[in-house]
Amino acid sequence: MDHGMTGADGAAAEFILSLNAGSSSLKFSLYEAGDEPREIAVGQVESLGPNARFKARIGLEQIEDDLGSANHRVALRAILKKCETVLQGSAPACIGHRIAHGGVDYKAPQLLTPEVMEKLALLEPLAPLHQPHNLAAVRASIEAFPAALQVGCFDTAFHRNHPWVNDTFGLPLKYYDRGVRRYGFHGLSYDYITGTLARIDPELASGRVVIAHLGNGASMCGVLNGRSIASTMGFSALDGLPMGTRCGQLDPGVVLYLMDQEGLSASELTKLLYNESGLKGLSGVTSDMRALEVSQNPEAEMAIEYYTFRARRELGALAASLHGIDGVVFCGGIGENSAAIRARICNGMDWMGITLDARANAANEMSIGIGRTKVLVIPTDEERIIARAASRALNERAAVEY
């Protein structure tokens, strides 16, 4: 195959494509492989369905384009076509995929063989909003690039060494042995943040840190010396914080009541808890925090109040799991961009040493705390974690071939 670009050493460049597939979008980043992959394009195809739209930065160019009707397969073809100017005749040598659930077995990135794909498909009921679409993108990639390595990176992997007490439920142990346990999610984000902390603040990285990944999906993680100790998300991506359309922590008796007294079926409950709850359900307006913050609707304020209250409650619980706290890190779309939400979560937490610098917080600076507990804002980069895993897979293949 003709490789149009060359690396710094004059050898033909190899490219890595990171894919993050959701039900209505396909996010991507394109990298030139190397010890630290170099990003050359980033974007997404959003609103998959009859009115899909492409938005990206490719090289120095910003591109937006209507695609018409598109599924994951069509979206992938569009991404590659739009990136032809930087690929210059090459195809990706490795495609890395964000996969929500790795179950009990997968604690590290994995080559996506047919056998692995069969096992991952069995986990779809545990992450119905994510896993089927993640695997659809893998199948589309295999069809488009059968010679490329396909590597899966799992959002559950970062949490697989939880202490047992943070990994189990109060059910008979036979269910734990069958895989009914707290898996935790957003692990790629937490992996990136802990790695960044190790580079910019090694002392804090070796201590007790609560990371708040706040976006349309939201969770918090207690980390000790870079290791996940406890997470707000559990068996599924429903648990913990209220999210854009997901309910967050819920008394299981509510589910039984909705089944027995309201007559909701399993599919109706799934739709309610995953798609119609959280900020959207509480506000009755929208799941978009930006819209809620400027809304004059009193229900919008109620939704924000509940969201920030639950985050404060989980912050205290995670600090207890860590036997104290040295730092808090905000990341994710809301965590990185909403000074008001950060302020509301941290309000009244001075007893934990958490006090914000109002000016630094309003300016979205990296360090926004003035108390004994550090408070940081660090943009996350899940795609880079995927690219690093893909680059390692390419290096391992090269070593075997050599």
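Scroll up a little and you will see the structure.
Residue numbering note: each chain is counted from 1, following its sequence as written. Local features are withheld for residues below a pLDDT of 70 in this predicted model, meaning they are given only at 70 or higher, and side-chain atom pairs are given and counted only at 80 or more; totals for whole chains, interfaces and linings count all residues. Side-chain calculation: all heavy atoms of the structure are included, whereas hydrogens and water are not.

Caption draft 1: Representation of the packing of aromatic side chains in the model. Aromatic pairing here means that ring centres of Phe, Tyr or Trp (its six-membered ring) are within 6.5 Å. Orientation follows from the plane angle: under 30 degrees is stacked, over 60 is edge-to-face, and everything else is tilted. The tally for this structure, following the rule as stated, stands at 5 aromatic pairs. Where Phe158 meets Tyr190, the ring centres are 6.3 Å apart and the plane angle is 35°; that geometry is what we call tilted. With Phe158 in the loop between strand 8 (149-154) and helix 5 (173-177) and Tyr190 in helix 6 (residues 187-200), this pair connects stretches of sequence that are 32 residues apart. One exposure class covers both Phe158 and Tyr190, and it is buried. Going along the chain from the N terminus, every DSSP run of H or I of four or more residues is numbered as a helix, and every run of E of two or more is numbered as a strand. Only protein chains enter the area calculation, which uses a 1.4 Å probe; residues under 20% of their type maximum are buried, those over 50% are exposed, and those in between are partly exposed.

Caption draft 2: Broad picture of the pairing of strand 8. The buried fraction of strand 8 amounts to 6 of the 6 residues, a majority that puts the element mostly inside the structure. Burial along strand 8 is two-sided: the face carrying Leu149, Val151 and Cys153 and the face carrying Gln150, Gly152 and Phe154 are both buried. Relative to strand 8, strand 6 (residues 94-99) runs parallel, the two being bridged by 6 bridges. In the strand pairing of strand 8, Arg98 is matched with Cys153. The sheet contact formed by strand 7 (residues 110-111) and strand 8 spans 2 bridges and is antiparallel. Pairing of Gln110 across the sheet is with Gly152, part of strand 8. We call two strands paired when DSSP finds no fewer than two bridges between them.

Caption draft 3: Region of the structure containing the packing of helix 1 (residues 72-82) against helix 4 (residues 131-144). For the pair helix 1 and helix 4, interaxial distance at closest approach is 9 Å and the crossing angle is 55°. By the angle class used here, helix 1 and helix 4 are oblique. The chirality of how helix 1 crosses helix 4 is right-handed. On helix 4, the residues touching His72, Arg73 and Leu76 of helix 1 are His133, Ala136, Ala140, Ser141, Glu143 and Ala144. Under the scheme applied, nonpolar residues are Ala, Val, Leu, Ile, Met, Phe, Trp, Tyr, Cys and Pro; charged residues are Asp, Glu, Lys and Arg; polar residues are all the others, including Gly. The residue makeup of the contact of helix 1 with helix 4, split by class, is 4 nonpolar, 3 polar and 2 charged. Fitted lines through C-alpha atoms give the axes, limited to the stretch in contact for helices. The angle between two N-to-C directions lies from 0 to 180 degrees. Oblique is the label for any angle not under 35 degrees, not over 145, and not in the 65 to 115 range, which are roughly parallel, roughly antiparallel and roughly perpendicular in turn. Handedness of a crossing follows from how the near helix is turned relative to the far one, being left-handed for an anticlockwise turn of less than a right angle and right-handed for a clockwise one. We call two residues in contact whenever any of their non-hydrogen atoms come within 4.5 Å of each other.

Caption draft 4: Main features of the environment of Asp177. As for its position among the elements, Asp177 is in helix 5. Asp177 gets classed as exposed once you look at its relative accessible area, which sits at 62%. When the C-alpha atoms of Asp177 and Leu318 are compared, they prove to be 25 Å apart, with 141 residues separating the residues in sequence.

Caption draft 5: Here's a closer look at the sheet that holds strand 13 (residues 374-377). An order of 11-10-9-12-13 is seen for the 5 strands of this open sheet, with the pairing classed as mixed. The sheet is open, and its two borders are formed by strand 11 (227-231) and strand 13, each paired with just one other strand. Taken over all neighbouring pairs, the strand axes of this sheet differ in orientation by 25° on average, direction set aside. In terms of strand pairing, strand 9 (residues 208-214) meets strand 10 (residues 218-224) through 7 bridges, oriented antiparallel.

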